[in-house]
Amino acid sequence: MKLLFHIPMVASLLCGTLAGAAETTIDSVVLRPMVEAEVPARQTGVLATIAVEEGAVVAEGELLASLDDRAAKLAVAKAELERAQVQAKAASELRIEYADKALEVARAEMKRSSESNEKFARSISQSQLDVERLTAEKLELERRQAEHELEIDRYELKLKENGVESARLDLELHAVKAPFAGVVALVRGRAGEWVEPGAPVVRLVAVDRLRAEGFAPAEIAATTPVGSKVKFAVGADGDAFPAAGHIEGTLRFISPEIDPITGQVRVWAEIDNSDGKFRPGQQGKLSLPEMTTAPTN
């Protein structure tokens, strides 16, 4: 039994397969850090210590350098003492208790005078009754004043607590800490130097993830979607893309702008470098898959 194939159809299927498997290789791709920072001083003062050396691997939040913070520590201690003083006043209700007792005595005296007059007419003069009544009213006002002062003390306590937090924040700002995990690429500051807020002290680079950046033909935007898997390998222009020795990555960006002179677009892919195989600044090649498929009619 013979099987007959339609030659044009077979050719069409082969073309579709080949088109779908096509790749574009970009030369002169440069590796750059995904995350990097010139870590600045956040307060004015003298650099007291540099806690790291160039090449040191640091964790997020690790101390890189510190400014002279003696005055800031004294400010924290003062703020905490002031808070403790107001806290003692705000927690004490002795003034209210004293006013309650005085008011209780005054009302009891008024009651006795009134009962005395009921039993024995005119035993207590009206002027004496007026004095006792005014005394009780005065003590009642004093009790309300004590409550008001206690409420003010509690508001002042909140202000003092904010003052403590502010002093502690100022102290914290005297420390230069790593905003992310990485490698110290450059120490710019020196102990004893005067720095202003924003002055770079340490250059920090994260090398666990790198960005392979280069320029591709503009047509790549139509044939390769962002999120596609790519391959990167170190190599000079003109070298063949190696079958082995490359590392896979993910295409993260295709510029929406085309260079009017070269007709190219800027692209970059994210490369996993957790094993430290590559270094920022290295050049190589990037292989991008083309997802288009030829018609199979």
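For the structure itself, consult the block above.
Residues numbered from 1 in each chain as written. Predicted model: local features only at pLDDT ≥ 70, side-chain atom pairs only at ≥ 80, totals over all residues. Heavy atoms only, no water.

## Let's talk about the side chain of Gln43
Stated formally: Secondary structure counts use DSSP, requiring at least four H or I residues in a row for a helix and at least two E residues in a row for a strand, with both numbered from the N terminus. Type-normalised accessible area, obtained with a 1.4 Å probe on protein chains alone, sets the label of each residue: buried when under 20%, exposed when over 50%, and partly exposed for intermediate values. We call two N or O atoms a polar contact when they sit within 3.5 Å, provided that within protein one can donate a hydrogen and the other can accept it, with sequence-adjacent residues counted only if both atoms are side-chain atoms. Should any heavy atoms of two residues lie within 4.5 Å, those residues are considered in contact.
Summarising the element assignment, Gln43 is placed in the loop between strand 1 (23-40) and strand 2 (45-50). Here Gln43 falls in the buried class, since its relative accessible area comes to 19%. Here Asp170 takes part through its side chain, which lies 2.6 Å from a polar atom of the side chain of Gln43. Ignoring sequence-local partners within four residues, the contact set of Gln43 consists of Leu67, Asp170, Leu173, His174, Val195, Glu196 and Pro197.

## What to know about helix 3 (residues 94-119)
Note the following rule: Residue count minus one, scaled by 1.5 Å, sets the expected span of a helix.
Compared with the 38 Å implied by 1.5 Å per residue over 26 residues, the 38 Å span of helix 3 between its first and last C-alpha is a close match. Listed as buried for helix 3 are Ile96, Ala99, Ala102, Leu103, Ala106 and Ser113. Buried residues along helix 3 sit against helix 4 (126-172).

## Some remarks on the pattern of salt bridges
In plain terms, the rule: What makes a salt bridge here is a side-chain nitrogen of Lys or Arg within 4 Å of a carboxyl oxygen of Asp or Glu, nothing more.
Using the criterion set out here, one finds 17 salt bridges in the structure. A salt bridge links Arg266 to Glu213; the shortest N-O distance between them is 3.4 Å. One end of the pair, Arg266, is in strand 11 (residues 264-272); the other, Glu213, is in strand 8 (residues 200-217), and 53 residues separate them in sequence. Of the residues examined, Arg266 reaches a relative accessible area of 29% and is grouped as partly exposed. Judged by relative accessible area, Glu213 falls into the buried class, the value being 13%. Connected via shared salt-bridge partners are Arg32, Arg211, Glu213 and Arg266.

## Things to note about the nonpolar core
Which entries qualify depends on this criterion: Here, nonpolar core means buried Ala, Val, Leu, Ile, Met, Phe, Trp, Tyr and Cys residues that are tied together by side-chain atoms lying within 4.5 Å of each other.
Judged by nonpolar contacts, the single largest core of 20 residues is most densely connected at Ile26, Ala212, Phe232, Val267, Leu286 and Leu288. Secondary-structure elements contributing two or more residues to this core are strand 1, strand 8, strand 9 (229-234), strand 10 (247-254), strand 11 and strand 12 (283-289). Looking at which element gives the most residues to this core, the answer is strand 11, with 4 residues. If we ignore the near neighbours within four places in the chain, the residues touching Ile26 are Phe215, Ala216, Val267, Gly284, Lys285, Leu286 and Leu288. The next biggest cluster of nonpolar side chains, apart from the first, holds 19 residues, and it includes Leu47, Val52, Leu64 and Phe180.

## Some thoughts on the packing of aromatic side chains
Applicable threshold: Two rings from Phe, Tyr or Trp (for Trp, the six-membered ring) form a pair when their centres are within 6.5 Å of each other. A pair whose planes differ by under 30 degrees is stacked, one over 60 is edge-to-face, and the rest are tilted. Distance and angle both matter: a charge sits over a ring if NZ of Lys or CZ of Arg is within 6 Å of the ring centre and within 35 degrees of the ring normal.
Counted under the stated rule, the structure contains 1 aromatic pair. Ring centres 5.4 Å apart and planes at 80° place the aromatic pair Phe232 and Phe278 in the edge-to-face group. Separated by 46 residues along the polypeptide, Phe232 in strand 9 and Phe278 in the loop between strand 11 and strand 12 bring together distant segments of the chain. Looking at Arg211, its charged tip hangs above the ring of Trp268, at a distance of 5.3 Å from the centre.

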